[in-house]
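# Summary of the model geometry
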Amino acid sequence: MKLPELAKGAGEVARHQAAWAVGSTLFWRGRFCDALTWLPPSAEGLTCLGWTLALQGEREAALALPHNAMQYFFLDDPEACLRWIDPSAEPVAMARAELLRHWAHSRLGERPDEAAAQAALATLRRLAPCEEARGTAIHAEAAFSRQPLYALPHLDHALDLFARFGLHYLEARLLTWKAQALDAAGQLDDASRFHKAAAEARRHQGC
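A short tour of the structure in this document, coming up. (Residues numbered from 1 in each chain as written. Predicted model: local features only at pLDDT ≥ 70, side-chain atom pairs only at ≥ 80, totals over all residues. Heavy atoms only, no water.)

### Here's the deal with the packing of aromatic side chains
Each aromatic ring pair is summarised here by two numbers: the centre-to-centre distance and the angle between the ring planes. Evaluation of the coordinates by the stated rule reveals 13 aromatic pairs. When the centroid spacing of 5.9 Å and the interplanar angle of 45° are considered together, the rings of F27 and W51 count as tilted. Here the residue F27 occupies a position in helix 2 (residues 12-28), and W51 occupies one in helix 4 (residues 43-55), the gap between them amounting to 24 residues. The class of F27 is buried, set by a relative accessible area of 0%. Note on W51: relative accessible area 15%, which makes it buried. A connected cluster of aromatic rings, assembled from ring pairs, spans F27, W28, F32, W51, F73, F74, W103, F162 and Y169. Between R134 and the ring centre of W28, over which it is positioned, the NZ or CZ distance is 3.8 Å. Its guanidinium or amino end placed over the ring of F73, R173 lies 5.0 Å from that ring's centre, counting from NZ or CZ. (Phe/Tyr/Trp six-rings, centres within 6.5 Å; stacked < 30°, edge-to-face > 60°. Helix = DSSP H or I, 4+ residues; strand = E, 2+ residues; numbered from the N terminus. Buried < 20%, exposed > 50% of the residue type's maximum accessible area, 1.4 Å probe, protein only. Lys NZ or Arg CZ within 6 Å of the ring centre and 35° of its normal.)

What follows is the structure in structure tokens.
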């Protein structure tokens, strides 16, 4: 029996929690269209809905929902990302915020604090390995913004961690950056292969 079916007789809160569990899992797995049918109208559900729409290129629809720094990362808007970074004192949230800050400064052509980013990744590695995978993707995109040619090991590491944890929500973007980095390195055959892989990932995410 599916989780939402188990929660049917347990009240509205339990139903929302079950729908959130299913919808958020589908989002992280890159199954955006399926996620849209499950995400509940709770605070967490609306946040994840905004992320889904952002990654689908629906900027106006995403911005009609609650704003947050991760949403602006997905929308590739570093200035807004910096404005919305949460000053939370919770360690995982602090580490995530530091990586978003690192990405935003890199994206704006500013000098980021690499030591702080590495400390944030170490925190996530120690406390929440799946969060480390998500943080590594942010760090890899920051590296690509600074210098595509030297971002290849960072992109490879992020893709390896995504495969380990079954994460696919940023796979198409990471594969695209890897293809462009290979182009910059003159590895044109490999670049073509990864452009095709990115297109296939986008097809899986599309509605």
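Once you've had a look at it, read on.
### Brief notes about the packing of helix 8 (residues 91-107) against helix 9 (residues 114-127)
Axis angle and axis distance: for two packed helices, these are the angle between their axes and the distance between the axes, and together they describe the pair. Interhelical geometry of helix 8 versus helix 9 gives an angle of 145° and a closest axis separation of 9 Å. Considering the relative orientation of helix 8 and helix 9, their crossing is left-handed. Here P91, V92, A95, E98, L99 and H102 of helix 8 come into contact with helix 9, specifically with E114, A116, A117, A120, L121, T123, L124 and L127. Its residues assigned to classes, the contact of helix 8 with helix 9 shows ten nonpolar, two polar and two charged. (Axes fitted to C-alpha atoms, helices over the stretch in contact; angles between N-to-C directions. Left-handed = near helix turned anticlockwise from the far one by under 90°. Contact = heavy atoms within 4.5 Å. Nonpolar A, V, L, I, M, F, W, Y, C, P; charged D, E, K, R; others polar.)

### Quick notes on the packing of helix 10 (residues 129-146) against helix 11 (residues 152-165)
It is at 8 Å that the axes of helix 10 and helix 11 come closest, and there the two elements cross at 155°. For the element pair helix 10 / helix 11, the angle class is roughly antiparallel. You can see that helix 10 and helix 11 cross each other, and the crossing is left-handed. Packed against helix 10, whose contacting residues are P129, C130, E132, A133, R134, T136, A137, H139, A140, A143 and F144, the element helix 11 presents H154, L155, H157, A158, L161, F162 and F165 at the interface. (Parallel < 35°, antiparallel > 145°, perpendicular 65-115°, else oblique.)

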